[in-house]
Amino acid sequence: MSKTRQVVVIGGGPAGIAAASAAAESGARVTMIDEGPAPGGQIWRPAVHSHPPLAAQRWIVRLNATQADVLRSTSVVDIERRNDRFVVVAESSGNGREVVADAIVLATGARERFLPFPGWTLPNVVGVGGAQALAKNGVSFRGKRIVIAGSGPLLLPVAAYLARGGAKVLAVAEQAPLANVARFAASLWRRPRTLAQAIGLRSAFARTRFSTGTWVAGARGDSTVKEVTLTDGRSTRTLACDVLCAAFGLVPNTELARLLACDVVGGAVRTDDAQMTTIAAVYCCGEPTGIGGVDLALVEGEIAGFAAAGVGPSEHLAARRAVHRREAASLERAFALRPELLSLAGAETIVCRCEDVRWGAIDQRWSARQAKLYTRLGMGACQGRVCGAALECLLGWPADSVRVPTQPARSRTLIGVSLANHQPNEQGAS
Amino acid sequence: MSDAIEIVVNAKVLRVEPGVTVASALLNNDHHVFRRSTTGEVRAPVCGMGICYECRVTINDVAHQRACMVTVEHGMRVDTGSAA
Amino acid sequence: MNGARRSDAIVVGAGIVGAACAAALARDGWRVTILERSFASSGTTSVGMGHLVVMDDSPEQLALTKYSLRQWRELTPTLDRRAELDACGTLWVAEDESQLAALRAKRDLYATADVATEVLDPRALSEAEPHLRRDLAGALRVTNDSVVYPPGATLGLLDDARKHGAVLRDGIGVEAIVPNGVRLASEVLRADIVVNATGPWAPRLTPALPITPRKGHLAITDRYPTFCRHQIVELGYLTSAHVMTSESVAFNIQPRSTGQVLIGSSRELVGWDAQINREILRRMLQRASHFMPRLGDLSVIRCWTGFRPATPDKLPLIGRWDPIPGLWIAAGHEGLGITTSLGTAQLLADQIAGRVPEIDPAPFSPMRALAAVHS
Ligand SMILES: Cc1cc2nc3c(=O)[nH]c(=O)nc-3n(C[C@H](O)[C@H](O)[C@H](O)COP(=O)(O)OP(=O)(O)OC[C@H]3O[C@@H](n4cnc5c(N)ncnc54)[C@H](O)[C@@H]3O)c2cc1C
Ligand SMILES: Cc1cc2nc3c(=O)[nH]c(=O)nc-3n(C[C@H](O)[C@H](O)[C@H](O)COP(=O)(O)OP(=O)(O)OC[C@H]3O[C@@H](n4cnc5c(N)ncnc54)[C@H](O)[C@@H]3O)c2cc1C
Ligand code: FES
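Residues numbered from 1 in each chain as written. Chains lettered and ligands numbered in written order. Predicted model: local features only at pLDDT ≥ 70, side-chain atom pairs only at ≥ 80, totals over all residues. Heavy atoms only, no water.

As a further point, take the interface of chain A and chain B. Taken together, the contacts link 40 residues of chain A with 34 residues of chain B. Across the chain A to chain B interface the summed buried area is about 2800 Å²; carbon plus sulfur atoms make up 54%. For the pair chain A and chain B, the interface holds three salt bridges. Between chain A and chain B we count 17 residue pairs in polar contact (both at pLDDT 80 or more) in total. Among the secondary structure elements, those contributing two or more residues to the side of chain A that touches chain B are strand E8 (110–112), strand E9 (125–126) and helix H3 (128–136) of chain A. If one sorts the elements of the side of chain A that touches chain B by residue count, H3(A) sits on top with four residues. Split by residue class, the side of chain A that touches chain B holds 15 nonpolar, 15 polar and 10 charged. (Contact = heavy atoms within 4.5 Å. Buried area = accessible area lost by both parts, 1.4 Å probe. Salt bridge = Lys/Arg side-chain N within 4 Å of Asp/Glu carboxyl O. Polar contact = N/O pair within 3.5 Å; in protein donor to acceptor, adjacent residues only side chain to side chain. Helix = DSSP H or I, 4+ residues; strand = E, 2+ residues; numbered from the N terminus. Nonpolar A, V, L, I, M, F, W, Y, C, P; charged D, E, K, R; others polar.)

In this section: the site of ligand 2. All names here are of chain C. In the region of ligand 2, 39 residues are neighbours, and Glu36, Thr44, Thr45, Glu334 and Thr339 sit closest. With respect to ligand 2, the side chain of Thr45 contributes an N or O atom lying 2.5 Å from an oxygen atom. A distance of 3.4 Å separates an oxygen atom of ligand 2 from a polar atom in the backbone of Gly50. In isolation ligand 2 has 1000 Å² of accessible area, and contact with the protein removes 96% of it. Elements supplying a minimum of two residues to the shell around ligand 2: helix H1 (16–27), strand E2 (31–36), strand E17 (299–310) and helix H9 (337–353). Among the elements that make up the shell around ligand 2, the one with the highest residue count is E17 (four residues). Looking at side-chain class alone, the shell around ligand 2 contains 18 nonpolar, 17 polar and four charged residues. Shared between two domains, the shell around ligand 2 holds at least three residues of each, these being domain 1 (6–49 + 150–211 + 313–374) and domain 2 (87–144 + 212–309). (Near = heavy atom within 4 Å. Areas by Shrake-Rupley, 256 points an atom, 1.4 Å probe, with all protein chains shown as cover. Domains from an automatic or database assignment.)

Turning our eyes to something else, we now look at helix H4 (residues 155–164) of chain A. Every buried residue belonging to H4(A) is among A:Leu155, A:Val158, A:Ala159, A:Ala160, A:Leu162 and A:Ala163, and all of these are buried. Following H4(A) by one or two positions, A:Gly166 adopts a phi angle in the positive range, close to 100 degrees. (Buried < 20%, exposed > 50% of the residue type's maximum accessible area, 1.4 Å probe, protein only.)

Let us now look at the packing of aromatic side chains. This structure, assessed with the given rule, holds six aromatic pairs over all chains. When the ring of A:Tyr374 is compared with that of C:Phe39, the centres are 5.8 Å apart and the planes differ by 85 degrees; the resulting orientation is edge-to-face. With one member in each of two chains, A:Tyr374 in helix H10 (residues 368–375) and C:Phe39 in the loop between E2 and strand E3 (51–52) form a pair that bridges those chains. A relative accessible area of 6% places C:Phe39 in the buried class. (Phe/Tyr/Trp six-rings, centres within 6.5 Å; stacked < 30°, edge-to-face > 60°.)

Residues and elements named next belong to chain C. Each assigned domain of chain C is listed with its residue range as follows: domain 1 (6–49 + 150–211 + 313–374) and domain 2 (87–144 + 212–309). Just the C-alpha atoms count here: the centres of domain 1 and domain 2 sit 29 Å apart. The interface of domain 1 with domain 2 comprises 15 residues on the first partner and 23 residues on the second. Buried area between domain 1 and domain 2, summed over both chains or domains, comes out near 1400 Å², and the portion from carbon and sulfur atoms is 61%. If you sort the residues of domain 1 by the area they bury against domain 2, Met49, Lys314 and Glu334 come out on top, with a joint share of 50%. The tally of links from domain 1 across to domain 2 stands at two salt bridges.

Residue and element names in this part refer to chain A. Neighbouring residues of ligand 1: 31 residues in total, closest Ala15, Asp34, Gln42, Val76 and Glu287. Between an oxygen atom of ligand 1 and a main-chain N or O atom of Gln42, the distance comes to 2.9 Å. Interatomic distance of 2.9 Å between a backbone N/O atom of Val76 and a nitrogen atom of ligand 1. Within the complex, 91% of the 960 Å² of free accessible area of ligand 1 lies under protein. Residues belonging to the shell around ligand 1 are distributed by class as follows: 14 nonpolar, 14 polar and three charged. There are two domains that each give the shell around ligand 1 at least three residues, and those are domain 1 (6–111 + 251–332) and domain 2 (114–248).

What follows is the structure, given as structure tokens:
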């Protein structure tokens, strides 16, 4: 039996789809594992009862043409090194399974950054991409009065998406100053595809007030959010609303990379020209290597997929990657967070939502681990995915250590089936 | 909603659209109590993508499942509002 | 001390043992400085289970744990919310007839020692803990055993110490213990007495101490407030703790006041390798779900490891260290240091003050380490 390389791709967003396709086309036996009900990740998340967006279809056709195995609604909760191989432990509907790999491609995407402000724990205060994800998974915002306050290029597309679905988007507030946003908009001229996207959106929410240099000061409500106060630092205005979308950019999902002891610098996984991390046979692409958007995710994914299957680099792909990386860097500068955002929380504001730890309970002289042990901060189910990213901004605290399981898992899954006696080749993507 | 399916939320039957997540089914029925926080606050979905764990509910007697990651199924029992 | 110059004491290490010693000495009038290289409760104390338990591996262990539990009860009214004290009791469960016999022997021993217990037959056991498997032979309930959150209890003890004038200096590591003092990076601090309470790291400052790190794994779940009510331990745990084999696992589960379930436990001698050993974790969870079949459904949110400061004879080292003037030891508590911290502190303070301790201090003298070497 000839030995085919087994590649496990974790994450089925653009980066994962590109990686799985490239690896499978190169002769590897590929399993792509994704938590969502269908591949697509964040930007290509298909809406219930509809097809993936047009841009995605070409890629999904390409993936479907390969022999790659796709595991949907399946979460990877552990990767264990065993000799020269990896055992990927995943869970689906409460059942565990293990897949053996010669190479791993981490394409775990990004999550939104949430910052604490008074009222942010009220029901119907959601993320910006969060609102879109909820809508695509079936939530109707029809007729709802929505305020979007946060930061980043997601604000306007999400406003447009919700408006098209019948929501009344009252206001979109971008915290970055106009000058920065204008610079970002100007850079769009050099990217026709994105520009078309942006223009197409504008008519959809013509009556929405878009302000820059404006951010959320607080929200109030009872059983759900009822009003939000926005400020530009000089004056404030309060809007009655049904839903508040508040998120401040994206944070790479690096938990699995850190579990494998890959170098993570400034929150992003370090990779070489072939998208290999500092750990041999572990590749990483898309948002975990630094927030870069869909085009960069696709190129990085292809490069990682080829490399994981043992195919050498392509100069053409490398050149495209370089272009997209420059764009990503300018994006990051445009939407840098203003200092006022870091002092929105009052003493009574909850910082850790899982354990209800309030801002006033935290002594800023503590280390992150000390705060955790003394107050239970970050000890809950999300394991600091929300408060950890916030406190990194607020206090400069580094992310907590990562251990198995990288996200909550049934103990049954962790018990698993011991692979110790299995033949190397009998485990696979079946 | 001719093709609606039924789920049982806190012992009450709810007709919901098939194919949506449990989170969507609840929110579309103005149900905002997903879990109670450790100090008793009501919590509901935030991230919509499995990160924040605010949407945890009990599904078919299995506690602490992310409502935003599970698709509704006919006859599914969902219990909300427990301390999590 | 009648306004005369109070004597200086330095406690090295602000784990629960150091904190308890500092509080006891401060109450006795010593001017206490606690030196902690990291922050209070950053060591073993932050990774243990917090089971306050009477154990009877030896008569001495029984004496010290029983003595300590009485002090925990006396302390209870002063403990605040941070300690998360829960008087849940312990259930020792027996799987078969032979273990049942061992259980009865334990009951008889505890009766002579005045430790309150109650034997549960299989039916009473399933009523007490419906999630335990049904075919168990029975259990012994030790009524007064409890559970605390060790870092919270440690902070409470430190507050008590401070109230009596003690000072905690954290972020300060001791490089060496010298006669009547300690050497820091850039100065030497003098004191009448020094207490080495650095847990598993104690041999780094006092090399002849026979303490080895004994690794343990723990896993904690999301909140399941009705899953179990007692700390439940299999009778075989005693053997697992007693025999210094290279590795062992035993069923040991704890309800936290948060509603979470803390699952233990394992023992390994692998030096200071803190990585999670998946095979041990698997076996540990498997053992737990052998006793509680529904456990497989529980959502585990985090796993970690810690190092028990183990001694060859399973007894802590508490008392004067003759080779260095002024030095006292309070270390080597293995898997019982949360429980025995209070008894240790009182035993130490009594000896330092020249009072006759309530329990015999001789078996705990650290000098037995030197005797063992010389014999
Ligand atoms: C909510 C949201 C909306 C966005 N909208 C846009 C937009 O409109 N336009 C735009 O240009 N960019 C958008 N972005 C940015 C987006 O991240 C990128 O453009 C693109 O989706 C990146 O692709 P990716 O493959 O790196 O990551 P993602 O698309 O995020 O895909 C990662 C996938 O990995 C899965 N995953 C993660 N961890 C695990 C695990 N442990 N086990 C199994 N599966 C796992 C996730 O469920 C997800 O499906 C959005 C981002 C977010 C968070
Ligand atoms: C998995 C596990 C489960 C356990 N379960 C239980 C249980 O259920 N019940 C129970 O009673 N016990 C339990 N234990 C045991 C208990 O946790 C320990 O015995 C106890 O915490 C020891 O406390 P300590 O203060 O001696 O040591 P530590 O808590 O380790 O404190 C020593 C301190 O000294 C500091 N230090 C070290 N070197 C220096 C230096 N040179 N200068 C200054 N400071 C220094 C360290 O930073 C540390 O803070 C368990 C232990 C483990 C690992
Ligand atoms: S809404 Fe965040 S995990 Fe479900």
